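Given next are the chains, with one letter for each unit.
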Amino acid sequence: MTLLYKKTSSIHSQITRPQPAPQNPLRAKNLRFVSDEVQELRRKLPDVSLAETRGLLRAYSELTLHHPDAQGAPLAQARSFIEELREHFAQTRQDDGFADTIRSVEQEVILGTLKSNPTEVALRFLSGIPGNAGRRHGMLQRLLIHTLNNGLVNSDSIHGHTRDLVNPDHLLYLDMLQKAGLIDWLDVKRADINGEELALSPDRLKANLEFEVRDFCHSNAGYRKLKDQLLGLDLNQLEKAASQGLAPPEDVVKTVVEARKLMLDIDLGMGRRWDLELLKSPDYWPSRDDHEAFLKLEGIKFLKSPAIFRAQRQWLVDQHNHHKKFPNVVIEGAGPTGMMSAICQYQAGAKVQIVEKRNLQYDRVQVVRLDPKWMDMLRFYMGEEFDQLFTDPAHPSGVEGKGIIRDDGFGEIVTAELEKAMQRELSKVEALNDVRGHLDLTAQCELREIRNPDGGHGYKAVAHKLDADMPVEFDDVDLVICAGGKSSPTRKRYLTAETVTEEEQYGVCTWKGEDMRDNQFGSFLDFRQMIVVEGHFTASAIFKMREAVRSLQGERTLTDDVAGELIQKINTLEGRLLSLRGQERVYQ
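Quick caveat, the model's predicted, so the values are computed rather than measured.

Caption draft 1: Quick peek at the overall build of the protein chain. Along the backbone of the protein chain there are 23 helices and 18 strands. By the burial criterion, 49% of the 588 residues in the protein chain qualify as buried. Looking at the protein chain alone, contacts between residues at least 24 apart form 70% of all its contacts between residues at least 6 apart.

What follows is the structure, encoded as structure tokens:
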């Protein structure tokens, strides 16, 4: 009997080579779990989310991988019910999400097995699979294709989700498959990706990684300029000075700011394909100095110092003022996307005008979920505001943030908190520039028309100031960015609607308090289907309704009788909210 999978599952831990032996008690436990999960999930249909299927899928994947000889009604029922779930999620436009959930669970099971056992044990296990393959061939093949696709496809991950990046575990998997002689057996030598036929091989993937790193070292002018300065920095001394609130020398601060921007470029470049944990290995760098310089860059990314943040804002202003001409850019919408666009356009030398239909005191209590690349940009551009916004367990600041950074690198925060912080940061940047009016935000102003160039001039953007009921015109506009959301009149009038996917990849929910900070939401697709109605939210909503009624009653807008009836209805609503079992489906 070979001990395998001992650390990676709470459901079972022992695997035996196929033999006509008595029923393995741990396998029996797993079969019982599968049977129970099928009954429970079937009872809950159609109110089943992707997150809730992970337990069943994990147990089924473990049985498939470690007990290919397992038979019986529970497995047959599980296979049939998984197909029912596939149909259910297809009907709710979540079929891609379900396929991704299956793949991610299979990856956890396979990689967990390989990592939790000595190399010789894991290799012996893999080598024995072809003799009794069953459904294991498909599991191993799907993970191999996914890994090779991530490392070979020409298009990088937009969001930088950890599931879309090649990480050290994937390379461990490739190495073990090669040593076990399973690459040819899995038969994934070629694949048709976006109409292009690519040869898929572990060697080509590693060559891609080495080429990208080497190309960065040789071709990135910023890196070549900073390399020697990075090697000369004492990172420990910098971290100590930062923790004591001491300002580093001016030349060091300048190097640190430029290094932070260079690290952001890496995050938004190579970091969309390769997990940066992979790049920490010296194996892929042209020289020891290049590897050391990268580790310095990675450490500098998380330095926290008022002097560094001030210098970073001044660097942004200097980047703007360095340009001789300032194109006029109008941005519709002062939400997170609009303001991030404004910062980036300002850095690139644009004179930016943001117009926002709402009053800036408008309180958007929805939660926005930000992908890892958004978080990288916020960490760079927001300075000390970032630590006020997000609690980062991996890099604690001692400040309790208004939002959180999850294990998968995604951030979650109430939209209003993020918007206010970004508005403050834009104001700080604008205040540093002697030339004013290059980064303006006008609230209660609706963009209504874009007129074509006339007489060699640029476009004219016509808006309406809602609080003053008067038109506002912006002349000689070079670029209009529509970031006003799906109700934007500019979007409806000038942008053609195009279906990119049948799935809803975006969703919002409302929460405050601790109850939503639950790691069961392992991915954005899990998160967007569920809302937890918890005590703080319910109490706050009821309190606001009662206060609104009392205020109207005090202003004599409501009679006492009508106010009394409304309060009674609010009391009834409160009782119904408190009786909810706490979890409701959310459909866009």
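That covers the picture; the talk isn't over yet.
Caption draft 2: Representation of the nonpolar core. Counting 95 residues, the largest nonpolar core has L144, Y173, L370, L378 and F390 as its most contacted members. Counting residues per element, this core draws most heavily on helix α12 (residues 250-268), at 9 residues. Grouped together as the second largest cluster of nonpolar side chains are 21 residues, L41, V48, Y60 and I102 included.

Caption draft 3: Highlighting the pattern of salt bridges. One pass over the full model with this rule turns up 39 salt bridges. With its nearest N and O atoms 2.3 Å apart, the salt bridge here joins K460 to D475. Of this pair, K460 sits in strand β13 (residues 459-465) while D475 sits in strand β14 (residues 470-477), and the two are 15 residues apart along the sequence. For the salt bridge of D467 with K465, the shortest nitrogen-to-oxygen distance reads 2.8 Å. Salt bridges linked by common partners bring R313, E384, E385, R424, E425 and K428 together as one network.

Caption draft 4: The sheet that holds strand β11 (residues 439-443), seen in detail. As summarised here, the arrangement of the 4 strands in space is β11-β6-β5-β15, forming an open sheet in which the pairing is parallel. The sheet terminates laterally at β11 and β15 (479-482), the two strands that pair on one side only. Pairwise comparison of adjacent strand axes, ignoring direction, gives a mean angle of 15 degrees for this sheet. Across 4 bridges, strand β5 (residues 328-332) lies against β15 in parallel orientation.

Caption draft 5: Here's a closer look at empty space enclosed by the protein. For the coordinates displayed, the defined rule picks out 6 cavities of 30 Å³ or more. Considered as a void within the structure, the largest cavity measures approximately 80 Å³ in volume. If you go around the largest cavity, the residues you meet are F309, Q312, R313, W315, L316, F380, Y381, M382, G383, E425 and V429. Every element with two or more residues in the lining of the largest cavity is listed here: α15 (306-321), α17 (372-381) and α19 (415-432). Per-element tally for the lining of the largest cavity: the top contributor is α15, with 5 residues. Each residue belonging to the lining of the largest cavity can be placed in one class, and the counts come to 7 nonpolar, 2 polar and 2 charged.

Caption draft 6: Representation of the packing of aromatic side chains. Tallying each qualifying case throughout the model produces 6 aromatic pairs. Ring centres of F386 and F390 lie 5.3 Å apart, and the angle between their planes is 40 degrees; this geometry places the pair in the tilted category. F390 shares its class with F386; the two are buried. A network of ring pairs unites the aromatic residues W315, F380 and Y381 as a single cluster.

Caption draft 7: Expanded view of the side chain of R136. Relative to the assigned elements, R136 resides in helix α6 (residues 136-152). Polar side-chain contacts of R136 include one of 3.0 Å to the backbone oxygen of L65. Only 2.7 Å separates the side chain of R136 from the backbone oxygen of N132, close enough to count as a polar contact. Residues contacting R136, with those up to four places away along its chain left out, are T64, L65, P68, F125, G128 and I129.

Caption draft 8: Spatial organisation of the packing of α12 against α15. With their axes 9 Å apart at the nearest point, α12 and α15 run at an angle of 70 degrees to one another. As summarised for this structure, α12 and α15 are arranged roughly perpendicular, according to the angle between their axes. The crossing of α12 and α15 is right-handed. For the pair formed by α12 and α15, the contact residues are V253, V256, V257, E258, R260 and K261 on the first element and A307, I308, F309, A311, Q312 and W315 on the second. Of the residues assigned to the contact of α12 with α15, the class counts are 8 nonpolar, 1 polar and 3 charged.

Caption draft 9: Region of the structure containing helix α9 (residues 202-219). With 18 residues, α9 should reach 26 Å at 1.5 Å per residue; the first-to-last C-alpha distance of 25 Å fits that figure. Within α9, the full set of buried residues consists of P202, L205, K206, L209, V213, F216 and C217. Looking down the long axis of α9, one finds its buried residues gathered within 110 degrees of arc, a one-sided arrangement. Exposed residues on α9 whose side chains face more than 90 degrees from its buried face are D203 and H218.

Caption draft 10: Region of the structure containing the sheet that holds β14. Across the sheet, 3 strands lie side by side as β12-β13-β14; this open sheet has antiparallel pairing. At either end of the open sheet lies a strand with only one pairing partner, and these are β12 (445-451) and β14. Each adjacent strand pair in this sheet contributes to an overall mean axis angle of 25 degrees, direction not counted. Sheet analysis places β13 next to β14, joined by 6 bridges and oriented antiparallel. Paired with H464 across the bridge in β14 is P471.

Caption draft 11: Molecular detail of the side chain of K373. Relative to the assigned elements, K373 resides in helix α17. Residue classification places K373 among the buried residues on the basis of a relative accessible area of 7%. One polar contact links the side chain of K373 to the main-chain carbonyl oxygen of D267, over a distance of 2.9 Å.

Caption draft 12: Representation of the environment of Q345 in the model. Looking at the element boundaries, Q345 is found in helix α16 (residues 336-347). For the pair formed by Q345 and N328, sequence separation is 17 residues and the distance between their alpha carbons is 9.8 Å. Look past the residues within four positions of Q345 in its chain and what remains in contact with it is V329, A350, V352, L479 and I481.

Caption draft 13: Seen up close, the environment of N208. In this fold, N208 is placed in helix α9. Measuring from C-alpha to C-alpha, the distance between N208 and G151 comes to 7.3 Å, with 57 residues separating the pair along the chain. Residues in contact with N208, not counting those within four places in the same chain, are G151, L152 and W274.

Reading the values: rules and limits
Residues numbered from 1 in each chain as written. Predicted model: local features only at pLDDT ≥ 70, side-chain atom pairs only at ≥ 80, totals over all residues. Heavy atoms only, no water. Helix = DSSP H or I, 4+ residues; strand = E, 2+ residues; numbered from the N terminus. Buried < 20%, exposed > 50% of the residue type's maximum accessible area, 1.4 Å probe, protein only. Contact = heavy atoms within 4.5 Å. Core = buried A, V, L, I, M, F, W, Y, C linked by side-chain atoms within 4.5 Å. Salt bridge = Lys/Arg side-chain N within 4 Å of Asp/Glu carboxyl O. Pairing = 2+ DSSP bridges. Axes fitted to C-alpha atoms, helices over the stretch in contact; angles between N-to-C directions. 1 Å grid on protein atoms, 1.4 Å probe; cavity = no way out; pocket = protein on both sides within 12 Å on 5 of 7 lines; lining within 4 Å. Points joined across faces, edges and corners; volume = space filled by probe spheres on them. Nonpolar A, V, L, I, M, F, W, Y, C, P; charged D, E, K, R; others polar. Phe/Tyr/Trp six-rings, centres within 6.5 Å; stacked < 30°, edge-to-face > 60°. Polar contact = N/O pair within 3.5 Å; in protein donor to acceptor, adjacent residues only side chain to side chain. Parallel < 35°, antiparallel > 145°, perpendicular 65-115°, else oblique. Left-handed = near helix turned anticlockwise from the far one by under 90°. Expected span 1.5 Å × (residues − 1). Arc of directions from axis to C-beta.

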